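Coordinate inspection notes
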Amino acid sequence: MPDTTASASAATPAPKSLAARVIGILMSPRETYAQVTIRPRWLGVFLLVILVGGLAGAIFSATQVGQRAIFDQQISQMEASGRHLTDDQMQRMEGMLPYYKYFAPVFQLVFFGIGGLIVAGAAFAVFSAILGGDATFRQVFAVVAHSGVVLTLAGLFALPIDYAKETMSSPTSLIVFLPMIDESSFAAKLLGSFDLFRIWWTINLAIGLGVLYRRRTGPIAASLIIIYTALAVLYAAVMSA
């Protein structure tokens, strides 16, 4: 009589550690997501993404260079929207800058917490509720949480460059290839919305969803990029109006 227990153990791969999953998401996402769907452990990677990203943002915000870059970005965004601050308002904004280092972890929690729930909820609604997939919400959220590793890497890559350049503009957005374009134009806002790391994240997430729902990555990635493009166009239209 065959040893069914041994056969089942051989068929089920050994669980990956948190560190192995973090590296795997970047180096071998398909294999890693296959493990994540079997064992949808999301808390460890979720906390890691928040802590690492929050700490990096806090360190940047604690420096004089970081505070000035944040201040300049806020003023630039307000002026682009047609709002001009008085001297008193600018002084109050400057007075808040030393506290931004405390806001960074909170921002990370809100961004990855609420943002992750929105992305996971939308994916679950489309693939499970509408298309009849059999994945659980926990599995979907685990995939989304692990994809956040790419966005955290984006922050770790960008912040040292932003510090050196004394700016908050993304060094990996498409606008860096066309610096001659007017910053207030629709084209500049649109190109600035497309970031190489975000595109990588979109494809990485598509791989995870494809593995989870046993669907081809290409159509999922194409759909996500279309949504990304639509949001980028909307943002550029609003900011350049």
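Owing to the predicted nature of the structure, the values given are computational and were not obtained by experimental measurement. (Residues numbered from 1 in each chain as written. Predicted model: local features only at pLDDT ≥ 70, side-chain atom pairs only at ≥ 80, totals over all residues. Heavy atoms only, no water.)

This paragraph deals with the overall build of the chain. Summing up its helical and strand segments, the chain has 11 helices and zero strands in all. Each helix (α) and strand (β) of the chain, taken in turn from the N terminus, gives the series α-α-α-α-α-α-α-α-α-α-α. When the backbone C-alpha atoms are referred to their principal axes, the chain occupies close to 85 × 35 × 30 Å. Split into buried and exposed, the 241 residues of the chain put 37% on the buried side. For the chain, the accessible area works out to roughly 13,600 Å², and carbon and sulfur atoms hold 69% of it. Within the chain, the 13 negative side-chain charges are centred at a point lying 14 Å from the centre of the 16 positive side-chain charges. (Helix = DSSP H or I, 4+ residues; strand = E, 2+ residues; numbered from the N terminus. Buried < 20%, exposed > 50% of the residue type's maximum accessible area, 1.4 Å probe, protein only. Areas by Shrake-Rupley, 256 points an atom, 1.4 Å probe, with all protein chains shown as cover. Lys, Arg positive; Asp, Glu negative; His and termini not counted. Charge placed at Lys NZ, Arg CZ, Asp CG, Glu CD.)

Before going further, it helps to examine the environment of G148. Tracing the sequence through the fold places G148 in helix α8 (residues 137–165). Placed 126 residues apart in sequence, G148 and V22 show a C-alpha to C-alpha distance of 9.6 Å. The residues touching G148, leaving out its near neighbours within four places in the chain, are V49, F112 and W201. (Contact = heavy atoms within 4.5 Å.)

With that out of the way, let us pick up the nonpolar core. Proteins that are soluble and globular tend to have nonpolar side chains buried together. In this structure, V140, V143, L209 and Y213 are the most contacted members of the largest nonpolar core, which totals 33 residues. Going through the elements one at a time, α2 (18–27), α3 (29–38), α4 (43–62), α7 (100–130), α8, α10 (196–213) and α11 (217–240) are the ones with two or more residues in this core. Among all residues touching V143, those that are not within four sequence positions of it are Y33, V36, T37, L205, G208, L209 and L212. In terms of nonpolar packing, the next biggest core, distinct from the first, is built from 10 residues, A56, A69, I70 and L85 among them. (Core = buried A, V, L, I, M, F, W, Y, C linked by side-chain atoms within 4.5 Å.)

With that out of the way, let us pick up the confidence of the model for the chain. With 93% of its residues at a pLDDT of 70 or more, the chain shows a mean pLDDT of 87. In the model, residues 1–10 has pLDDT below 50 throughout and makes zero contacts with residues more than four positions away in sequence or in other chains. (pLDDT = per-residue confidence, 0-100.)

For the coordinates displayed, the defined rule picks out three salt bridges. The salt bridge partner of K16 is E31, with a shortest N-O separation of 3.7 Å. Note that K16 is positioned in the loop between α1 (4–11) and α2 and E31 in helix α3, a separation of 15 residues in sequence. Note that D134 is salt-bridged to R214, the shortest N-O span being 3.2 Å. One end of the pair, D134, is in the loop between α7 and α8; the other, R214, is in the loop between α10 and α11, with 80 residues separating them in the sequence. With a relative accessible area of 56%, D134 lands in the exposed category. (Salt bridge = Lys/Arg side-chain N within 4 Å of Asp/Glu carboxyl O.)

Here the focus is α7. Look at α7: 42 Å from first C-alpha to last across 31 residues, which is about the 45 Å you get at 1.5 Å a residue. The largest bend in α7 comes to about 25°, at F124. When α7 is considered as a whole, its buried residues turn out to be A104, Q108, F112, G113, G116, A120, A123, F127 and S128. For α7, the elements touching its buried residues are α4, α8, α10 and α11. (Expected span 1.5 Å × (residues − 1). Bend = angle between axes of the 7 residues up to and from the residue.)

On to the packing of aromatic side chains, then. Under the definition given, this model contains 12 aromatic pairs. Ring plane angle 85° and centroid distance 5.2 Å describe the contact between W42 and F141, whose orientation is recorded as edge-to-face. One end of the pair, W42, is in the loop between α3 and α4; the other, F141, is in helix α8, and 99 residues separate them in sequence. Using a relative accessible area of 29% as the deciding quantity, one classes W42 as partly exposed. Seen from their ring centres, F157 and F197 are 5.5 Å apart, and the 45° between their planes marks the pair as tilted. Placement of F157 in helix α8 and of F197 in helix α10 is noted, with a sequence separation of 40 residues between them. Here a set of aromatic residues connected by ring pairs shows up, and it is made of W42, F46, F124, F137 and F141. (Phe/Tyr/Trp six-rings, centres within 6.5 Å; stacked < 30°, edge-to-face > 60°.)

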